[in-house]
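# Fold and geometry: a report
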Amino acid sequence: MKRIILVVLSVSLFVVTQTTQAQRYTSDEQFEVAFGLGYLDLLHAGMKYKLTPVNKIAMSYGGLFNLGNSERKRSSITLEHQYHFGKTTFHSKSPIFYFSQKLTMLRDNNSTYNTQMVYVTPSIGKSFYGDGPYGINVDIGVMAKIHDYGESFGNIPEQQNRPKYPAFFPAIRFQFFFSL
């Protein structure tokens, strides 16, 4: 898992440097950095790349802080495609509404269990652009579990040990973004 994250971060750094180099010659922003909070995305940071004026691909990594003496660790990795539609604004060449398809791997573990789940989340959202190269994304959708792998350790029965995650559940996300 650490190697996957290292490879993803290395590729991300390469894309960032190449994108910022290319932006010196064009006024259309191709790259966005996003920070946000969402159910299933957790507290996350990510990046988006504009393939065309109506298509973006994105990736984010999220986690939750442990409060108290908890050993529980929760993290998520999300891959996303956004298709923008509707009207455009003065601040963006992309339409403000979008349909998003997300694939999220959620990990939740402590000393007695290890859970990995994969969810697919279709959602619809809207981008609110500011006067500068920043804005807010808000989207809602439905997450559906497509894979669940988990195991328990020790003498505690599995049904008492592992947290329960629903197969279908509403998803919501708020993101602050800025263009580079």
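Note that the coordinates shown come from a computational prediction; the quantities given were computed from them, not determined experimentally.

This brings us to the packing of aromatic side chains. In the structure shown here, the tally under the stated rule is five aromatic pairs. Taken together, a centroid distance of 5.5 Å and an interplanar angle of 80 degrees make the contact between tyrosine 129 and phenylalanine 177 edge-to-face. Of the two residues, tyrosine 129 is situated in strand 6 (residues 113–129) and phenylalanine 177 in strand 8 (residues 168–179); the sequence distance between them amounts to 48 residues. Across this residue pair, the class does not change: tyrosine 129 and phenylalanine 177 are buried.

Turning our attention to the environment of glycine 46. Within the element layout of this structure, glycine 46 appears in strand 2 (residues 42–52). Judged by relative accessible area, which is 16%, glycine 46 ranks as buried. Taking the C-alpha atoms as reference points, glycine 46 and serine 60, separated by 14 residues in sequence, lie 3.8 Å from one another. Beyond its immediate chain neighbours, meaning those up to four positions away, glycine 46 contacts Glu32, Val33, Ala34, Met59 and Ser60.

Bringing the pairing of strand 2 into the picture now. Two strands pair when backbone bridges link them, and strand 1 (residues 31–38) and strand 2 are joined in this way by eight bridges, in the antiparallel orientation. Across the sheet, valine 33 pairs through a bridge with methionine 47, a residue of strand 2. Here strand 1 folds back onto strand 2, and the loop between the two strands holds three residues, one of which, leucine 40, carries a positive phi near 95 degrees. Bridge analysis of strand 2 against strand 3 (residues 55–63) gives nine bridges, and the strand direction is antiparallel.

So, about the environment of tyrosine 61. Among the structural elements, tyrosine 61 can be located in strand 3. Given a relative accessible area of 42%, tyrosine 61 falls into the partly exposed group. When the C-alpha atoms of tyrosine 61 and aspartate 41 are compared, they prove to be 7.7 Å apart, with 20 residues separating the residues in sequence.

Once that is clear, we can look at a nonpolar patch on the surface. Taken together, the side chains of Tyr39, Tyr83, Phe85, Phe99, Ile124, Ile140, Phe169, Ile172 and Phe174 make up a nonpolar region of the molecular surface, amounting to roughly 810 Å² of accessible area. Secondary-structure elements contributing two or more residues to the nonpolar patch are strand 4 (73–85) and strand 8. Broken down by element, the residue count for the nonpolar patch peaks at three residues, all from strand 8. Looking at the secondary structure, you find isoleucine 140 in strand 7 (residues 134–152).

What counts, and at which threshold
Residues numbered from 1 in each chain as written. Predicted model: local features only at pLDDT ≥ 70, side-chain atom pairs only at ≥ 80, totals over all residues. Heavy atoms only, no water. Phe/Tyr/Trp six-rings, centres within 6.5 Å; stacked < 30°, edge-to-face > 60°. Helix = DSSP H or I, 4+ residues; strand = E, 2+ residues; numbered from the N terminus. Buried < 20%, exposed > 50% of the residue type's maximum accessible area, 1.4 Å probe, protein only. Contact = heavy atoms within 4.5 Å. Pairing = 2+ DSSP bridges. Patch = residues over 30% accessible without salt bridge, like charges linked within 9 Å, V, L, I, M, F, W, Y side chains within 5 Å. Areas by Shrake-Rupley, 256 points an atom, 1.4 Å probe, with all protein chains shown as cover. Salt bridge = Lys/Arg side-chain N within 4 Å of Asp/Glu carboxyl O.

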